[in-house]
Amino acid sequence: MTAYQHHLIDGIWTAAQSAEITRIHDSASGTELGQVAHGTREEIHLAVRAAKNAFASWSTLPVSTRADYVRGIANQLEEQVEQLAQGVAAEVGMPLKLSRRIQVQMPILAWRATADLAVECLADVALGHSTLNHVPVGIVGAITPWNYPLHQITAKVAAALVAGCTVVLKPSELAPCTARALGEAAVAAGLPKGVLNIVMGDATTGQALVDHPDVALLSFTGSTAVGRRIAASAGQALKRVSLELGGKSACLATADAPAESVVRQVVGSCFLNSGQSCNSLTRLLVPIELYDTYRALLADAVTRLTLGDPLDSATRMGPLVSAAHRDRVRAMIVEGESQGLDLIAGGSQAQLPANGYFIAPTIFGRVPPRSTLAQQEVFGPVLSVITYETEQQAIDIANGTAYGLAAAVWAGTTDHALTLARQLRAGQVDVNGAPYNPAAPFGGFGDSGLGREGGKYGIEEFVEIRAIQMPVSSARETA
Ligand code: NAD
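Presented here is an overview of the structure given in this document.

Definitions and limits used
- Residues numbered from 1 in each chain as written.
- Predicted model: local features only at pLDDT ≥ 70, side-chain atom pairs only at ≥ 80, totals over all residues.
- Heavy atoms only, no water.
- Near = heavy atom within 4 Å.
- Polar contact = N/O pair within 3.5 Å; in protein donor to acceptor, adjacent residues only side chain to side chain.
- Areas by Shrake-Rupley, 256 points an atom, 1.4 Å probe, with all protein chains shown as cover.
- Helix = DSSP H or I, 4+ residues; strand = E, 2+ residues; numbered from the N terminus.
- Pairing = 2+ DSSP bridges.
- Axes fitted to C-alpha atoms, helices over the stretch in contact; angles between N-to-C directions.
- Contact = heavy atoms within 4.5 Å.
- Core = buried A, V, L, I, M, F, W, Y, C linked by side-chain atoms within 4.5 Å.
- Buried < 20%, exposed > 50% of the residue type's maximum accessible area, 1.4 Å probe, protein only.
- Domains from an automatic or database assignment.
- Phe/Tyr/Trp six-rings, centres within 6.5 Å; stacked < 30°, edge-to-face > 60°.
- Expected span 1.5 Å × (residues − 1).

What to know about the site of the ligand
The immediate surroundings of the ligand are formed by 30 residues, with Thr144, Lys170, Ser223, Leu245 and Glu377 found nearest. Within the backbone of Thr144, an N or O atom sits 2.7 Å from an oxygen atom of the ligand. Take Glu173: an N or O atom from its side chain is 2.8 Å from an oxygen atom of the ligand. When the ligand sits alone it has 850 Å² of accessible area, and the protein chains cover 89% of it. Within the residue set of the shell around the ligand, elements represented by two or more residues are helix 7 (203-211), strand 11 (217-221) and helix 8 (224-237).

Following this line, the structure appears as structure tokens:
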């Protein structure tokens, strides 16, 4: 069992003041993995004060020096890949092989990529007789969820650090192992004290960070409900805010789309990480006349998603993060079943491993586009197949939720798919199975959030623009 009962404040791991904890459990067995302390308002204050003290010197270092520190952190994390992959697999439930690549190695690449982009991205820009400077916003309060814990921390912290901000991070109370490893990596890399502070804790700890008057920017990834509350309080205090929230992303397949490829992408996306991904393609839109074809292909594809322990190499889909989350997802499945939808696979009565927080990969067919299942984020392994009659109707259905995080389009030609992609209101749209691009900006329209993470756009979230006007030349002045 691991105790996450220290916070990184001003470069030192400090014992937690409060006895309040969250217990975390191995998602595959239910046994207790560890206890996470709830940081207090006072501890948040100490962390913000440390970040404030560190800001003056950190923000004035050359960008290339800050980028070197960020590379140093990546080097330190690299030494712990296996341990972290196993830690996230146990906490979150992602099969180990995927956990190693997606939960650990890709974020480490992102630390490096952010460092590599920094100098060019933050250089002054000439605009007529003005010079534009990228000025670090100040102290960043970063609050992250559990589903891709290191990835979400990286998207905020690496970008904020190269931009010249100092940071107080409040990671998820359900998946703390990578946050602690990051703190250790930062100390080992010699990051100046106070530049990155980490306060473990729950919603109350997060709220204290949101409320702190010295935080200039709140960068939040999590549920839309919490994001809305954070935006409201940031609005009152006129703090900058960036929000990466939920999604209900559609995959639109036209009549001439290659159905096998569509099904491969949708099943891969929807059931990755047991459906616990904000950008999962959770709605498949198919022409009504092809419903039976897709139904058969989906039913077959899902049989290959062997459920089991994430540490077992035969496992293709693991459990969900917690008992409470499993129960929430199961309740949404039961509601779908009670509406008499066509249950193509899985469901609440499916056979499951004896222990742990499992849900069978579940597919409902002929889901009405306005129903709860087609509108609300499940955040579990549940796919809704929706039929349409015309492509215009398909576009309207795809755009017909409050969200707009991701989407995919498949058509017989790239041009046709691209024409449809341009009509979709989502932050990322994949055309005909195009692969993930970590340098592309990530973020949403509508209830999916505000702002973008990743690459150059992610760094720009953490700067203010200062325009300095130079006197025009005496020649022009006299002309
Ligand atoms: P959550 O909103 O419950 O919690 C996220 C974080 O916020 C946690 O660290 C939590 O302790 C903290 N928190 C909770 N209440 C708070 C409050 N009142 N004030 C300050 N902090 C508070 O979300 P979750 O269950 O951890 O994650 C799942 C959700 O995150 C899903 O809705 C998913 O779509 C979303 N998500 C979005 C993205 C994205 O990039 N768009 C990525 C991953 C997850």
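What follows picks up the thread again.
Focus: the sheet that holds strand 4 (residues 21-25)
With mixed pairing, three strands are arranged side by side in an open sheet as 1-5-4. Every other strand in the sheet has two partners, leaving strand 1 (2-4) and strand 4 as the edge strands with one partner each. Here the average twist between neighbouring strands, direction ignored, is 20 degrees. Pairing geometry for strand 4 and strand 5 (residues 32-37), over five bridges, is antiparallel. Looking at the pairing, His25 lines up with Glu32 of strand 5. Contacts from helix 3 (residues 81-92) reach strand 1, strand 4 and strand 5, with the element oriented near 100 degrees to strand 4.

Thoughts on the nonpolar core
One finds Ile73, Trp111, Leu161, Val167 and Leu196 to be the most contacted residues of the largest nonpolar core, which totals 61 residues. The element that contributes the greatest number of residues to this core is helix 5 (residues 149-163), accounting for eight residues. Among the domains, domain 1 (2-245 + 448-467) and domain 2 (249-431) are the pair contributing at least three residues each to this core. Dropping the residues within four chain positions of it, Leu161 is found in contact with Trp58, Arg66, Val70, Ile73, Trp111, Val167, Leu191 and Val195. By size, the runner-up hydrophobic cluster in this structure holds 30 residues, among which are Ile395, Ala407, Val409 and Ala421.

Side note on the packing of aromatic side chains
On inspection of all chains with the given rule, the structure shows two aromatic pairs. Both rings, one in Trp58 and one in Tyr69, keep their centres 5.5 Å apart while their planes meet at 50 degrees; by these two values the pair is tilted. In this pair, Trp58 is assigned in helix 1 (residues 41-60) and Tyr69 in helix 2 (residues 63-78), connecting sequence segments 11 residues apart. Take Trp58: its relative accessible area is 1%, and that puts it in the buried class. Ring geometry for Trp146 against Phe379: centres 5.5 Å apart, planes inclined by 75 degrees, an arrangement best described as edge-to-face. Placement of Trp146 in the loop between strand 8 (139-143) and helix 5 and of Phe379 in the loop between helix 12 (372-375) and strand 17 (382-388) is noted, with a sequence separation of 233 residues between them. Exposure remark for Trp146: the relative accessible area of 13% places this residue in the buried category. The exposure class assigned to Phe379 is buried, which follows from its relative accessible area of 15%.

Some thoughts on helix 1
Over its 20 residues, helix 1 extends 29 Å from the first C-alpha to the last, a length consistent with the 28 Å expected when each residue adds 1.5 Å. Listed as buried for helix 1 are Glu43, Ile44, Ala47, Val48, Ala50, Ala51, Ala54, Trp58 and Ser59.

Some remarks on the side chain of Asn273
Assignment of secondary structure puts Asn273 in the loop between helix 9 (259-270) and strand 14 (281-287). On the accessibility criterion, Asn273 (2% relative accessible area) is buried. Apart from residues no more than four positions distant in its own chain, Asn273 is found in contact with Val92, Met94, Gln103, Asn147 and Tyr148.

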